[in-house]
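Observations on the model geometry
This is what each chain is made of:
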Amino acid sequence: MKIKDANISHIDEVGRSLPRLEARAKVTGRAEYTHHVKLPGMLYGKIFRSTVAHGRILSIDTGAASAYPGVHAVITGQDVLKVIPEPYFGPAFHDQPILALDKVRYVGEAVAVVLAEDPHVAEMAAQLIEADYEELPAVYDEIEAMTSNVVVHDMLKPAGTFPDLKHLAGKRDTNIALDFHLKRGDAEAGFAKADHVLEHTFRTQQVMHTPLEPMVSLADARHDRITIYTASQSPSFVRLEIARLLGWSENQVRVKVPYLGGGFGAKLYIKLEALVTALSMLAKRPVKVSLTMEEQFYTISKHPTTFKIKSGVTKDGKIIARRCDVWWNGGAYADIGPRVTQKSGYTAAGPYDIENVDIESFALYTNRPPSGALRGFGIPQLVWAYESHIDLIARELKIDPLEIRRRNILREGRPHATGTIMRGAEIEAVLERLAQRMDWEKPFDQGSSTSDTSSTIRRGRGIAIGFKAVVAPTTSTALVTIAADGSVILSMSTVDMGQGSDTAMAQCVAQVLGIETEKVRVMNPDTDVTPYDMATLGSRSTFHMGNAVSMAARDAKNKLMALAREAGLPEDYDGPWRGIFEKRYGMQAGTIVGFGSYIPAYIPPDKSTGQSENVTAFWMIGATGVELAVDTETGHVSIERMISVVDCGTPLNPKIVETQLSGAAIMQLGFTLTEKMELDAGQVTNASFSDYKIPGFHDIPIVMENHMVDSVQPGAPFGAKGVGESSTFGVSPAIANAIHDAIGVRLTELPMRPETVLRALRAQQNNPLED
Amino acid sequence: MITENKRRIHFTLNGEPASALIGTHQNVVELLNIFDLCGARESCGQGLCGCCTVMVDGQAVSGCLKLAAMVDGKDVRTIEGLDQDGQLDPVQEAFIETGAFQCGFCTPGMILMVGHLLDRHPQPDDNQIRGFLSGNLCRCATYPEIIQAVHLAAEKRNPRKSTTKTTTSF
């Protein structure tokens, strides 16, 4: 029997660059965000935060705040214990208290909350709270944290929630949340055999996602039921975690997520949801907590890292051994840092075919604001180091930077450092497309050949390539329902935070059902209705949820065909779907529910060697090429041309994919050239857009190109895989390599601000700038 | 202590007379929320990101910095006023056609600013666009598409003139 919608001729829905389904709502200012949700009787909570980086709480004086007119209540960690006796949360370790108990571990940690009907009242009263601390020594640097006597947590309690983090051990008297080791071959023997052994150390800085919709959550707790409205990338995880904290079942917790005003990893796992839950239970009223832009900097960030990388190379440029030591500065609470450390850790040697590899990767606690996931899950920090390093190797050996990459590139069918055989990873094609777009074989005008010899402008070019494995194993499920008039609803817990997942997933459903994408309605996540999804993170949705929604659509289609048979319709019925329902039920009645559930295969890496035959469901590959100009008088770097090339499989919606590519690349440009959270004794001193510079219109490259290589990802929905992060990978090292090319100076720390560039240049000229 | 001073203001909101009792400390974003208008959004809270942009007497202002009391007697226009007749404004159409947004949080402010730009410079070049919109931030960094949208909107508003040649290729 063939079932098709008689109203349209067949169209390929997948591969169509249709506008986002919610486009009209967004351009008219009517799209729903948690930011706008108000409930009757709602109170606003304003957080009072720690002013010391590490200290024992001696007292919290809430008297003046409580007495302030209009204040409903002032809540401390001790109050939280009345409704949640074990108030510690986190995806890797249950290490973070809802409000500080006994100790504070970073400046900006939530210590108390004022509740009031008027948010201005809550804000004023919060300033009247006074806390006394016995200050303790603090540790901020990831290397110091390895051996420091300062221990951020006395005892570590693994969460045991995610299968890839089951092995985390409870430990005492250490700041090491996780140590990951990978051994392949014999790196030391490789170094002994090599003609050249080079070692460099690279560092990255702490940065913040700064979604323009600051984090916001609202809870409405009733005696046996709670509804949470939250700007979250992981509604299913929030439900699990809140149910665990309350000792309730999952069906007593409802999590609703409208559109997100940006996420980038900031709104993952659990952030304010546990706090608003406790506050609403205590106040017996709905409570909303909306962070300011400043407060976001005290909530989550991207890991600062130190990466020491050492390679043994033959005289013709073949890398035969590599050792990577990576230290991840996780801040005061682990959040998802251990996963970043492990999952990113095993790709630390880069997309190269290296016989002998040794990787040590450590997640560390310090007294900084917590670090978590940020667009790339640790990969940009690694690529920064290994792609700067290979450029230095090329210079040392006087081999062209493209040529040395070609000689070492990890090819299809070859084993990765984990032992997993590379499949469906177009690393070589990405590199070659970049070389072609850069016209790499042609001579490049560096500016010194111009007639104007007094010019202070020097030009350079650079390339870099990186790759990433997807987080594994994770599950996505979806429902596709067909109403009696034949209209279709897709219910899934993937969160559309701007990446276009609603549209792309609707395209998969439409393709399977043979209908127009615009006719598919996509439900915003609501855990009472939309089924489980691990989270919207790490570019996993296209592949995982894409498989789940396609399965759900096929299931719905099969059930529709069965219904037509039940109704006694002829085998060649190709009339409208409503006709099937009318025939079967005698009127416009009935519903078809199709379900899909997807989890890919995965073998966890061996604890001591990091080896696994199947470490990832797919690989993401991204390369960047840059042409830039450096003003040697000011250190200013102007990006003249930036080219991103990725393997994202076959794009479901090429236009949206291109927007993702350029958006991710520009975001990484900010992390490369300007952004850095400045800390003074643990206090972030630039937590505002006036002092923390994110890219604006004047900062984008003069010319940008985005390319996708021809690729079909095996096992993927219509050959597509994730793309939200891939164009971040190569940006920072491509720029550092191009600066080196332009002015002969190597920068090893981010960001590369004009002052940094100028200082390095003047130091090299033996004419250093004064401090 | 927060002042309990309340003040009644009268103003024009998207072409209609409006009146509200507001606290003298409240800003324009809060004022608009009273009318269930949520298109102007407070984000950075410092007038640096442009998410809360509204038009007051034809001038673009940051709703997070402007006190509600200051729009007494003024003409206030918001994103919600652009499609009152059910038709999208050419700028809104251009944003959809070029895919000039992702999360959409900055989009209303961006669209109002683009309209303002085209009022002053009907055929802007890329430098004018970058300069005029430099006070509007987009963390999704959909800047290249927004520049395309401005050119397309210019053409839609004034189809007979050819658009200025773009110096930027995306």
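Quick notes on the rules
Residues numbered from 1 in each chain as written. Chains lettered and ligands numbered in written order. Predicted model: local features only at pLDDT ≥ 70, side-chain atom pairs only at ≥ 80, totals over all residues. Helix = DSSP H or I, 4+ residues; strand = E, 2+ residues; numbered from the N terminus. Rg over C-alpha atoms; globule rule 2.2 N^0.38 Å. Contact = placed C-beta atoms within 7 Å. Axes fitted to C-alpha atoms, helices over the stretch in contact; angles between N-to-C directions. Parallel < 35°, antiparallel > 145°, perpendicular 65-115°, else oblique. Left-handed = near helix turned anticlockwise from the far one by under 90°. Nonpolar A, V, L, I, M, F, W, Y, C, P; charged D, E, K, R; others polar. Pairing = 2+ DSSP bridges. Expected span 1.5 Å × (residues − 1). Buried ≥ 20, exposed ≤ 12 C-beta atoms within 10 Å, placed from the backbone. Domains from an automatic or database assignment.

**Overview of the overall build of chain A**
From N to C terminus, chain A includes 19 helices and 29 strands. A compact globule built from 771 residues should have a C-alpha radius of gyration of about 28 Å, and chain A, at 27 Å, falls within 12% of that. Its C-alpha atoms give chain A principal-axis dimensions of roughly 85 × 75 × 55 Å. Considering only intrachain contacts with a sequence separation of at least 6, the fraction spanning at least 24 residues in chain A is 81%.

**A closer look at the packing of helix H3 (residues 107-120) of chain B against helix H5 (residues 143-157) of chain B**
All names here are of chain B. Across the interface, H3 lies against H5 with an axial gap of 11 Å and an inter-helix angle of 50°. Of the possible angle classes, the one that applies to H3 and H5 is oblique. Here H3 runs over H5; the crossing is right-handed. For the pair H3 and H5, contact is made by Met110, Val114, Leu117 and Leu118 and by Ile146, Ala149, Val150, Ala153, Ala154 and Arg157, respectively. For the contact of H3 with H5, the class distribution of residues is 9 nonpolar, no polar and 1 charged.

**Things to note about the sheet that holds strand E25 (residues 619-631) of chain A**
Residues and elements named next belong to chain A. Judged by pairing direction, the sheet is mixed, and its 4 strands sit side by side in the order E20-E25-E26-E29 without closing on themselves. The sheet is open, and its two borders are formed by strand E20 (457-469) and strand E29 (703-708), each paired with just one other strand. The average angle at which neighbouring strand axes cross in this sheet is 10°, direction not considered. Where E20 meets E25, 13 bridges bridge the pair, whose relative direction is antiparallel. Across the sheet, the residue bridging to Gly462 is Val626, located in E25.

**With respect to H3 of chain B**
The end-to-end C-alpha distance of H3 of chain B is 20 Å, a good match for the 20 Å that 14 residues give at a rise of 1.5 Å each. Burial analysis of H3 of chain B places 11 of its 14 residues in the buried class, the great majority of the element. What H3 of chain B keeps buried is the set Thr107, Pro108, Gly109, Met110, Ile111, Leu112, Met113, Val114, Gly115, Leu117 and Leu118 of chain B. Buried residues in H3 of chain B make contact with helix H1 (23-27) of chain A together with strand E3 (53-56), strand E4 (59-62), helix H2 (90-98), helix H4 (126-132) and H5 of chain B.

**Quick look at the domain arrangement of chain B**
All names here are of chain B. Taken domain by domain, chain B holds domain 1 (6-81) and domain 2 (90-157). Computed over C-alpha atoms only, the centres of domain 1 and domain 2 are separated by 22 Å. Contacts between the two partners involve 11 residues from domain 1 and, on the opposite side, 12 residues from domain 2. Each residue belonging to the side of domain 1 that touches domain 2 can be placed in one class, and the counts come to 7 nonpolar, 3 polar and 1 charged.

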